[in-house]
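Remarks on the overall topology
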Amino acid sequence: QVQPVESGGGLVQAGGSLRLSCLASGGTFSTYAMGWFRQAPGKEREFVAAITWRTGRTYYGDSVKGRFTISKDSVKSTVFLQMNSLKPEDTAVYYCAARPGPVDWTRSTPVDADFGSWGQGTQVTVSS
């Protein structure tokens, strides 16, 4: 079973950039997709981005489209989240998650219930 392990969070000024990494510990042979979610204090967990492992198809939440980019390195079993033009409202704990089986996201947005394995999270703080 895949166990996601996040890294790369930190403190950055508004307008800056950060890159998060997620190692799919245990291998990606049975992984259909990897995703990033975030949760700010007092708010529900929010979908950020997802990528299918075999085809590399990507999906983004509306609040990050055009600013964040998800990518993968299949050799290293790692998913990246490049975050540019960061805003204070991007401040949250960012979680990486893995989904083992196929799902059709063509008419829906990925939700946390679509994913089975979760990392511990990494804090991203954007100062104004």
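Anything mentioned here points back to the structure above.
So, here's what we can say about the structure.

About the cut-offs
Residues numbered from 1 in each chain as written. Predicted model: local features only at pLDDT ≥ 70, side-chain atom pairs only at ≥ 80, totals over all residues. Heavy atoms only, no water. Pairing = 2+ DSSP bridges. Helix = DSSP H or I, 4+ residues; strand = E, 2+ residues; numbered from the N terminus. Axes fitted to C-alpha atoms, helices over the stretch in contact; angles between N-to-C directions. Core = buried A, V, L, I, M, F, W, Y, C linked by side-chain atoms within 4.5 Å. Buried < 20%, exposed > 50% of the residue type's maximum accessible area, 1.4 Å probe, protein only. Disulfide = S-S within 2.5 Å.

A word on the sheet that holds strand 3 (residues 18-25). The strand order across the open sheet built from four strands is 1-3-8-7, with neighbouring strands paired in antiparallel fashion. The open sheet has two edge strands, strand 1 (3-7) and strand 7 (68-73), and neither has a second partner. On average, each strand axis in the sheet is tilted by 20° relative to the strand beside it, whichever way the strands run. Relative to strand 3, strand 1 is paired through five bridges, and the arrangement is antiparallel. Paired with Val5 across the two strands is Leu23, which belongs to strand 3.

Grouped together as the largest cluster of nonpolar side chains are 26 residues, with contacts concentrated most on Met34, Trp36, Leu81, Met83 and Tyr94. Listing elements by their share of this core, those giving two or more residues are strand 3, strand 4 (33-39), strand 5 (46-52), strand 7, strand 8 (78-83), strand 9 (92-99) and strand 11 (122-127). Judged by nonpolar contacts, the second largest core, of ten residues, contains Phe47, Ala97, Trp105 and Phe115.

Summed over the entire model, instances satisfying the criterion amount to one disulfide. At a sulfur-sulfur separation of 2.0 Å, the disulfide partner of Cys22 is Cys96. The sign of the -85° torsion about the S-S bond sets the Cys22-Cys96 disulfide as left-handed. One end of the pair, Cys22, is in strand 3; the other, Cys96, is in strand 9, and 74 residues separate them in sequence.

So, about the pairing of strand 5. Looking along a regular strand, one sees the side chains alternate between the two faces of the sheet. Counting buried positions along strand 5 gives six out of seven residues, so the element sits mostly inside the fold. Sheet topology note: the strand 4/strand 5 ladder contains six bridges and is antiparallel. Counted as the bridge partner of Ala33 is Thr52 from strand 5. If you look at the hairpin formed by strand 4 and strand 5, you'll find six residues sitting between the two strands, and Gly42 has a positive phi there, around 80°. Here strand 5 runs beside strand 6 (residues 58-60); their pairing, made up of three bridges, is antiparallel. Note that in strand 6 the partner of Ala49 across the bridge is Tyr60. Turn length for the strand 5-strand 6 hairpin, with the two strands adjacent in sequence and antiparallel, is five residues, and the turn residue Gly56 shows positive phi of about 75°.

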